[in-house]
Amino acid sequence: VVHGGAGAWQQERIGVGVEGVREAAKVGFEVLKRNGSALDAVEAAVMQMEDNEVFNAGLGSVLTIDKRIEMEASIMDGKNINAGAVGLLRDIKNPIHLARLIMENTDHVFIVGYGAEKLADLFGLERRNPLTKSRVQAWREEKEKLPKTDRLSKLHKLIASYPRIFESETVGAVALDKSSNVAAATSTGGFTLKFPGRIGDSPLIGAGTYADNECGACSATGIGEVAIKLVLAKTTCESMRNGNPAQKAVEKSIRLANLKMNGLSMGLIAVDMSGRIGAAHNSPNLCWAYMTPD
Ligand code: ASP
């Protein structure tokens, strides 16, 4: 199951969004068909979307308020609850791949900025300028609309006044393989005009990404601050651990977000250990796709 972000997708972008997630679901599923692991599948699906500038991850990442790129990503293997995460990346081609290398080659889980980029060099990873013309244009348009004040607006106020800022097409994937292993991955540029240094839910294990073979896997999208406060990906996995099928688990988590966080925009995808899938959102849209042997 893959997602290309929760938010209000503009009508003219829906077609390319759906096409992008369909492609990514196919890429991930092909890996599983060739007996690849769930981990390989989610990484491949997310890399596919990081390379597709329609989405806000890798190429096509959105810009901070001071016009920087700060990409973040995380990946988790349900087999051994190993996890890797990166943040504050400027130009690494595939942040999710670096997250995986950190998981597999270091004793750490989460490395950001200079250190992460240094590791990327050690691993010989490709770099690429993720800036696209349309993101620069969107940044300019949205920035002009911002009130000319030094104070930071509260999230609710910002969303009410500038809904387009939060149309951020973050990507994620969850998978279950033939050996009954699950995995999850999430990658993003954050949201347009975010404060520099702001870290969202996407690279945070438990908030944006979680996988455990004892319950299932989940990837979140939407207003990161909601998923962080509610530890939403892990909450969804715990719900599956308690016997809820994936769909019920994601719906319960979205209800929780509505209850506790005043309905701030969220979307979730999940898979449980029986291969049942789930997708739910309280945002106007969630761009997602899935593929099963049937
Ligand atoms: N969750 C991401 C963040 O807050 C944005 C998104 O999912 O669209 O950075």
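Placed above this text is the structure.
Now for a quick tour of the structure.

Thresholds, definitions, all that
Residues numbered from 1 in each chain as written. Predicted model: local features only at pLDDT ≥ 70, side-chain atom pairs only at ≥ 80, totals over all residues. Heavy atoms only, no water. Patch = residues over 30% accessible without salt bridge, like charges linked within 9 Å, V, L, I, M, F, W, Y side chains within 5 Å. Areas by Shrake-Rupley, 256 points an atom, 1.4 Å probe, with all protein chains shown as cover. Salt bridge = Lys/Arg side-chain N within 4 Å of Asp/Glu carboxyl O. Buried < 20%, exposed > 50% of the residue type's maximum accessible area, 1.4 Å probe, protein only. Core = buried A, V, L, I, M, F, W, Y, C linked by side-chain atoms within 4.5 Å. Contact = heavy atoms within 4.5 Å. Helix = DSSP H or I, 4+ residues; strand = E, 2+ residues; numbered from the N terminus. Arc of directions from axis to C-beta.

### Some points on a nonpolar patch on the surface
Taken together, the side chains of Val-109, Phe-110 and Val-112 make up a nonpolar region of the molecular surface, amounting to roughly 210 Å² of accessible area. By relative accessible area, which is 41% here, Val-109 ends up partly exposed.

### A word on the nonpolar core
In terms of nonpolar packing, the biggest core is built from 48 residues, with Val-2, Phe-55, Ile-75, Val-86 and Leu-98 touching the most fellow members. Setting aside anything within four residues of it in sequence, one finds Leu-98 in contact with Val-86, Leu-89, Ile-92, Ala-116, Ala-120, Phe-123 and Leu-125.

### Let's talk about the side chain of Thr-221
Topologically, Thr-221 is positioned in strand β8 (residues 216-222). Residue class for Thr-221 comes out buried when judged on its relative accessible area of 2%. Contacts of Thr-221, omitting those with residues within four sequence positions, involve His-3, Gly-5, Ala-6, Thr-170, Met-266, Gly-267 and Leu-286.

### Observations concerning helix α4 (residues 113-122)
Buried within α4 we find Gly-113, Ala-116, Glu-117, Leu-119 and Ala-120. Looking straight down α4, one finds that the buried residues subtend no more than 155° of arc, so they occupy a single side. The exposed residues of α4 that point more than 90 degrees off its buried face are Tyr-114 and Leu-122. One or two steps after α4, the chain reaches Gly-124, where phi turns positive at roughly 70°.

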